[in-house]
Amino acid sequence: MFYETAAGHPLKHDPFKAIVVPRPIGWISAVDREGRVNLAPYSFFNAVSAKPDMVAFSSEGVKDALTFAQETGEFVASLATWDLRDAVNATSAPLPRGESEFAHAGLTPAPSRLVRPPRVAESPVALECKLLQVVPLTSLEGVTTYHLAIGQVVGVHIDERFLKDGVLDTAAMKPIARAGYRDYFVCTEETRFSITRPPGG
């Protein structure tokens, strides 16, 4: 089958998010000028640069994480994992501004070293970020629904239980990623494989 996106899809549900998979979840914490903290998961998230390390998350509309990050110029991305899946989901609840998602999900805010927003203490990895820019994602039709926040990683927290011979064991942390509809994937030892790239690749 083929369909033009402008005409709409003929399926029961839009397949787009089920096609671009799996998508890492950016569990973003940010703080506003008044010191209020927001924590929310973003499935439009990824690393976008190395040396310097940069990550980005895309917000549908101007939500608290984006607003707070713009106000103070900082955010933290904590790793969403299998063990924390229920808490990750709980932090997606549309709480009133200023009400703590940390408390709502039973999570512990841990102080960061170089930025003001706290990280999720229970998460095995957290990236402290300085906001570089927010890019409006404007469509061919001139409509802006999403905003892309790009941050430079200035500090990294790693639970040393997941370091083996100087290498971070990603599979042992069991990170989760978003698929389409209500579906998620989890990275495990059983699903990991390695391939050596061609010379010069």
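Scroll up for the structure.
Now for a look at the structure at hand. (Residues numbered from 1 in each chain as written. Predicted model: local features only at pLDDT ≥ 70, side-chain atom pairs only at ≥ 80, totals over all residues. Heavy atoms only, no water.)

Ile 28, Val 55, Phe 57, Phe 75 and Leu 127 are the most contacted members of the largest nonpolar core, which totals 21 residues. Of all elements in the fold, only β2 (26–31), β3 (37–42), β5 (54–60), α2 (64–72), β6 (74–79), β9 (125–138) and β10 (144–158) reach the threshold of two or more residues within this core. Within the second largest apolar cluster, 12 residues are counted, among which are Trp 27, Ala 80, Leu 84 and Ile 176. (Core = buried A, V, L, I, M, F, W, Y, C linked by side-chain atoms within 4.5 Å. Buried < 20%, exposed > 50% of the residue type's maximum accessible area, 1.4 Å probe, protein only. Helix = DSSP H or I, 4+ residues; strand = E, 2+ residues; numbered from the N terminus.)

A few words now on the packing of aromatic side chains. Using the criterion set out here, one finds three aromatic pairs in the structure. Look at Phe 44 and Tyr 146: their rings are 5.7 Å apart centre to centre, the planes differ by 85 degrees, and that puts the pair in the edge-to-face class. Residue Phe 44 is found in the loop between β3 and β4 (45–49), and its partner Tyr 146 is found in strand β10; the two are separated by 102 residues along the sequence. For Phe 44, a relative accessible area of 25% corresponds to the partly exposed category. Look at Tyr 146 and you get partly exposed, because its relative accessible area is 22%. With a centroid separation of 5.2 Å and an interplanar angle of 80 degrees, the aromatic rings of Phe 57 and Phe 75 are classed as edge-to-face. (Phe/Tyr/Trp six-rings, centres within 6.5 Å; stacked < 30°, edge-to-face > 60°.)

Within this structure, the stated rule accounts for 10 salt bridges. Arg 36 is the partner of Asp 32 in a salt bridge, and the nearest nitrogen-oxygen pair spans 2.8 Å. The closest approach of N and O atoms between Arg 116 and Glu 74, which form a salt bridge, is 3.1 Å. Taken together, the residues span a long stretch of sequence, with Arg 116 in the loop between β7 (109–110) and β8 (119–120) and Glu 74 in strand β6 at a distance of 42 residues. Given the relative accessible area of 54%, Arg 116 is considered exposed. What makes Glu 74 buried here is its relative accessible area of 5%. A cluster of three or more residues bridged by salt bridges with shared partners is formed by Lys 164, Asp 169, Glu 189 and Arg 192. (Salt bridge = Lys/Arg side-chain N within 4 Å of Asp/Glu carboxyl O.)

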